[in-house]
Amino acid sequence: MSVDRQLLVVGAGTMGAQIAQQAALHAVDVTLVDVGEQQLRRAVDGNRTQLERRVQRGKLDEGDARDALARVATSTDLAAAARNADWVIEAIVEAEEPKRALFAELDRLLPEHAGMATNSSNIVVSRLADATNRPDRCCNMHFFHPVLVMNVCEIVRGPQTSDATMERAIAWSRRMERTPVVVEREIDGFIVNRVLGAASREAFMLLAEGIATVEDIDIATRAGLNWPMGPFQLADFSGLDTVLGVRRDRMLREHEPGDEATVAILERLVAEGRLGRKSGRGFYDYSTDPPRPLPLPG
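Now for a look at the structure at hand. (Residues numbered from 1 in each chain as written. Predicted model: local features only at pLDDT ≥ 70, side-chain atom pairs only at ≥ 80, totals over all residues. Heavy atoms only, no water.)

Moving on: helix 8 (residues 192-208). Spanning 17 residues, helix 8 covers 24 Å between terminal C-alpha atoms, matching the ideal 24 Å at 1.5 Å per step. The set of residues buried in helix 8 consists of Asn193, Gly197, Ser200, Arg201, Ala203, Phe204 and Leu207. What you see down the axis of helix 8 is that its buried residues fit within an arc of 170 degrees, all on one side. Turning to helix 8, the residues buried within the fold contact strand 6 (138-143), helix 9 (214-225), helix 10 (231-238), helix 11 (240-254) and helix 12 (259-271). Just downstream of helix 8 lies glycine 210, where phi reads positive at about 70 degrees. (Helix = DSSP H or I, 4+ residues; strand = E, 2+ residues; numbered from the N terminus. Expected span 1.5 Å × (residues − 1). Buried < 20%, exposed > 50% of the residue type's maximum accessible area, 1.4 Å probe, protein only. Arc of directions from axis to C-beta. Contact = heavy atoms within 4.5 Å.)

On a regular strand, one side chain projects to one face of the sheet and the next to the other, so that they alternate. Residues of strand 7 (residues 153-156) alternate between two faces, with Cys153 and Ile155 on one and Glu154 and Val156 on the opposite face, all of them buried. Inspection of the sheet shows strand 6 paired to strand 7 by four bridges, in the antiparallel sense. Residue pairing for strand 7: asparagine 140 is matched across the bridge by valine 156. Taken together, the four bridges between strand 7 and strand 8 (residues 180-183) define a ladder with parallel strand orientation. Looking across to strand 8, one finds that cysteine 153 is bridged to proline 180. Following the backbone out of strand 7, through helix 7 (residues 163-175) and into the adjacent parallel strand 8, one traces a crossover that is right-handed. (Pairing = 2+ DSSP bridges. Right-handed = clockwise from strand over helix to strand, strands pointing away.)

This next bit is on the side chain of threonine 161. In this structure, threonine 161 sits in the loop between strand 7 and helix 7. Within the local environment of threonine 161, its side chain forms a polar contact with the backbone oxygen of cysteine 138, the two atoms lying 2.7 Å apart. A polar side-chain atom of threonine 161 sits 2.8 Å from the main-chain amide nitrogen of glycine 158. (Polar contact = N/O pair within 3.5 Å; in protein donor to acceptor, adjacent residues only side chain to side chain.)

Treat this as a map of the structure, not an account of what it does.
Structure below.
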C-alpha cells in the first residue's frame, strides 16, 4: 500500500479548521473545503491567530508558523479537492443526513484507494458508511476541541472497517502528533464522552432536583475531582446547542436515567439564545471576569 500523502478536510468550522492546521503543522499538505468563502476566511484567520500566539510565546518559530499556514489550501470546489485525496476527514454539521449525503458524494469523487473518516463524537460510522461503496475504508476519527491543544484522537472501528483502514487512521493520527486510542467496537460516546457523559448526567440531575447550584457543582468537581472545568463550564465551552443535539439524540436511542432532565434544561437555555461562550451567555454570563453564574430560565 502506498503512503498516504494528501489530506482533505471537509467542513471549515472550528473543528475542521484546526484538524487541517494540526496536520499542516506536521508537514502534511491539506485542502480544507467548505461551501462558503466567508467560512474559509474565518477558518484561516482563526488558525493564523492561534499560531501567532504560539510564536509570541516562544513555542513556535515564525518561519514554521508561516510554512504551516501555507500548507493549508482552501477551496469551495469539493470535486477538484477530492480528485487527488488519499484520506478524508469529515467535520461538517453534527447531523446524520448531511453527513450521509456527503459520504455518498465523496464516494463518487474520491480515488478508489482513498479512505474516509468522520470526526463525529456522536454518529458512528456505520450510520454513514452504507451510503458508500467502500464501507471497509470508513471509520471514526474523533478529535477533541480544541484540536490544536488536545492530544488525543479516538479511532473507532465500524462493523465493516478493515484492519488496513484502522492502521491508516492510526498512522494519520500519529503523523499529526495526536495520540490514537482505538475503540474496537461501536458504542455510544466512545471512551471519553461515555465516561464524561455519565458524570455530566449526574451533575444535571443534581441541578434539576435542586440538590446544588450550577456554581457549587462546578466548584465541587474542579476541587474534588481535579477537573480543569466543571460540567456546566464545559457545556458552555462546547456550545449548549451542540450539547443539546448530542444529548437529545442519545436520549432517543439509549434512554439513560437523567437524559430527560439534561435535555429539558438545555432546551430552555437554547430557546433563550443562551448557547454558552460563543453567545456570551449560557450557564454563565461571560461579559464579566470571572464569568458570573446565571439563574436558569423558569
